[in-house]
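The lines below spell out each chain.
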Amino acid sequence: MTTDTETRRTIAKRVIDRAAARGTPVDADPAFLAAVEEWVRGDIDMKAMRDRYIEIIALQAADGRGLRTTGLGKNPLGFLADANEE
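Here goes a summary of the coordinates provided.

Quick notes on the overall build of the protein
Broken down by element type, the protein carries four helices and zero strands. Mapped from its N terminus to its C terminus, the protein presents α and β elements in the order α-α-α-α. When the 86 residues of the protein are sorted by exposure, 27% land in the buried category. Contacts in the protein between residues far apart in sequence, at least 24 positions, make up 42% of those at least 6 positions apart.

Here is the structure:
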């Protein structure tokens, strides 16, 4: 199924609005919004979007436990930390 950019943008906005209405806003996370924008442009498919979201959640959980970096001082999820720090 081919979905144009405007349709994807409408879908993304609807999902973000529903999350906010449930009290779990997701539009404040720059890493998530970057992934959404890639999906809207058609640069990634929904599977990649889901995988990216799972990585974002894992990074947030690790960050909450103080496990953001490995013993070598490297972020195990690399690009996501950079996006979250912006």
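Moving on, there is more to tell.
Re the environment of Ile-16
By the element assignment, Ile-16 lies in helix 1 (residues 5-21). The class for Ile-16 is buried, based on a relative accessible area of 15%. Between the alpha carbons of Ile-16 and Leu-33 there is a distance of 9.8 Å; along the sequence they are 17 residues apart. Filtering out sequence-adjacent residues up to four positions away, Ile-16 remains in contact with Val-26, Asp-27, Phe-32 and Leu-33.

Re the pattern of salt bridges
Per the counting criterion, the structure on display carries five salt bridges. Between Glu-37 and Arg-9 there is a salt bridge, with its nearest N and O atoms 3.2 Å apart. With Glu-37 in helix 2 (residues 30-41) and Arg-9 in helix 1, this residue pair connects regions lying 28 residues apart in the sequence. In this structure, Asp-51 and Lys-47 form a salt bridge, with 3.0 Å as the shortest nitrogen-oxygen distance. Separated by four residues within a single helix, Asp-51 and Lys-47 lie in helix 3 (residues 46-64), roughly one turn from each other. Judged by its relative accessible area of 29%, Asp-51 is partly exposed. Overall, the relative accessible area of 55% leaves Lys-47 in the exposed class.

Regarding helix 3
The terminal C-alpha atoms of helix 3 lie 27 Å apart, and with 19 residues this matches the ideal 27 Å at 1.5 Å per residue to within 8%. What helix 3 keeps buried is the set Met-49, Arg-52, Ile-56, Leu-59 and Ala-62. Buried residues of helix 3, viewed axially, fall in a sector of 150°; they line one side. Facing away from the buried side of helix 3 by over 90 degrees, the exposed positions are Lys-47, Arg-50 and Gly-64.

Calculation notes
Residues numbered from 1 in each chain as written. Predicted model: local features only at pLDDT ≥ 70, side-chain atom pairs only at ≥ 80, totals over all residues. Heavy atoms only, no water. Helix = DSSP H or I, 4+ residues; strand = E, 2+ residues; numbered from the N terminus. Buried < 20%, exposed > 50% of the residue type's maximum accessible area, 1.4 Å probe, protein only. Contact = heavy atoms within 4.5 Å. Salt bridge = Lys/Arg side-chain N within 4 Å of Asp/Glu carboxyl O. Expected span 1.5 Å × (residues − 1). Arc of directions from axis to C-beta.

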